[in-house]
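Residue-level structural notes
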Amino acid sequence: MNISVEHLAIVAKDPAALKTWYERVLGAREVFNNGQNPLTCLIALGNVWFEIYAAEKSLPDTANNKLAGFRHLALRVDSLDSAKAELEKRGVRFTEAERPAAGGGRVLFFSDCEGNLLHFVERS
């Protein structure tokens, strides 16, 4: 059996705003757009696709990194300091200090415009 990841879903309160955030802040590109309201789309970030579509309901603890299930998106960067500086120019606020990464290196957490957790990881 040959298995690969096709895409991940991000269910959003405001799919259009979230799509725009990923394009503006992280340089994602649109792959598909249903042209409807609410929006359903596919975006690509590097070689990974994300499907963004409308949420029917939201939970207050979505950003809790200790809940069961998928909790954050890790983005590998060559330089944590350069990536942080670039995103700060694009309006991202980092509220935690960097810390050691499991397996070596450093990580730095931040959130998208809906509070979903992401982090940069720089490997040694």
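Let me begin by describing the structure that accompanies this report. Numbers given to residues run from 1 along each chain, matching the order in which its sequence is written. Owing to the predicted nature of the model, reporting of local features is limited to residues with pLDDT of at least 70; listing and counting of side-chain atom pairs is limited to 80 or more, with chain, interface and lining totals taken over all residues. As a rule here, side-chain values cover all heavy atoms of the structure and leave hydrogens and water aside.

So, unusual backbone geometry
Here is the rule: Secondary structure counts use DSSP, requiring at least four H or I residues in a row for a helix and at least two E residues in a row for a strand, with both numbered from the N terminus.
The linkage connecting N37 with the following residue, P38, adopts the cis geometry, with an omega of 10°. Relative to the helices and strands, P38 is located in the loop between β2 (29-33) and β3 (41-45).

Quick notes on the layout of surface pockets
Cut-off, in case you're wondering: Both site types are read off a 1 Å grid over the protein atoms alone. A 1.4 Å probe that fits but cannot get out defines a cavity, while an open set with protein on both sides within 12 Å along at least five of seven lines defines a pocket; lining residues have an atom within 4 Å of a point. Grid points are joined across faces, edges and corners, and a volume is the space filled by probe spheres set on the points.
Here the largest pocket is characterised by a volume of approximately 770 Å³. Considering the residues around the largest pocket, the lining is formed by 23 residues, among which A9, I10, T62, F70 and N116 are closest to the centre.

Points about helix α1 (residues 15-26)
The criterion, for reference: For a helix, the expected span equals 1.5 Å multiplied by the number of residues minus one. Throughout, exposure labels follow a simple rule: accessible area from a 1.4 Å probe, protein chains only, divided by the maximum for the residue type, with under 20% read as buried, over 50% as exposed, and the rest as partly exposed. Relevant arc is that of directions from the helix axis to the C-beta atoms, nothing else.
Here α1 contains twelve residues, and its C-alpha end-to-end distance of 16 Å stays within 8% of the 16 Å for a straight helix at 1.5 Å per residue. Residues of α1 that are buried: P15, L18, K19, W21, Y22, V25 and L26. Seen along its axis, α1 keeps its buried residues to an arc of 160°; they face one direction. Just beyond α1, the residue with positive phi is G27, at close to 80°.

As for the environment of E98
Keep this limit in mind: Contacts between residues were defined by any pair of non-hydrogen atoms, one from each residue, lying within 4.5 Å. A 3.5 Å cut-off defines polar contacts: any pair of N or O atoms within that distance qualifies, except that in protein one atom must be a possible hydrogen donor and the other a possible acceptor, and neighbouring residues in sequence count only when both atoms are side-chain atoms.
Topologically, E98 is positioned in the loop between α2 (80-89) and β6 (99-100). A residue is classified by how much of its surface remains accessible, and E98, at 39% relative accessible area, is partly exposed. Distance from E98 to I52, taken between C-alpha atoms, is 28 Å for residues 46 residues apart in sequence. Excluding anything up to four places from it in sequence, E98 contacts L80, D81, R106, V107 and L108. One polar contact links E98 to R106, side chain to side chain, over a distance of 2.9 Å.

What about the sheet that holds β2?
Working definition: the strands of a sheet are paired by backbone hydrogen bonds and lie parallel or antiparallel to each other. This is how it is decided: A strand pair is defined by DSSP finding two or more bridges across the two strands. Here the axes come from fitting lines to C-alpha atoms, over the contacting stretch only for helices, and the angles between their N-to-C directions go from 0 to 180 degrees.
In spatial order, the strands read β1-β4-β3-β2; together these four strands make up an open sheet with mixed pairing. The open sheet has two edge strands with one neighbour each: β1 (8-12) and β2. With strand direction ignored, the average angle separating the axes of adjacent strands in the sheet is 25°. Bridging between β2 and β3 involves four bridges; their strand directions are antiparallel.

Concerning the nonpolar core
The tendency in soluble globular proteins is for nonpolar side chains to be buried side by side. Heads up, the rule is: Side-chain atoms within 4.5 Å are what join buried Ala, Val, Leu, Ile, Met, Phe, Trp, Tyr and Cys residues into a set we call a nonpolar core.
Formed by 26 residues in total, the largest nonpolar core has its most connected members in Y22, L26, L75, L87, F110 and F120. Elements represented by at least two residues in this core include exactly β1, α1, β3, β4 (48-54), β5 (72-76), α2, β7 (106-111) and β8 (117-122). At five residues, the largest contribution of residues to this core is made by α1. Excluding residues that lie within four positions of it along the chain, F110 makes contacts with W21, L75, L87, V92, R93, F94, N116, L117, L118, H119 and F120.

Some remarks on the environment of E86
Structurally, E86 can be placed in helix α2. For the pair formed by E86 and A63, sequence separation is 23 residues and the distance between their alpha carbons is 23 Å.

As for the side chain of K19
By the secondary structure assignment, K19 is in helix α1. Here the side chain of K19 touches E23 through a polar contact of 2.7 Å, side chain to side chain. Of the polar contacts made by the side chain of K19, one reaches the side chain of E30; its length is 3.0 Å. Here K19 is in contact with E30, N33, L39, C41, I43 and I52, once residues within four sequence places are set aside.

In short, shape yes, function no, at least from these values alone.
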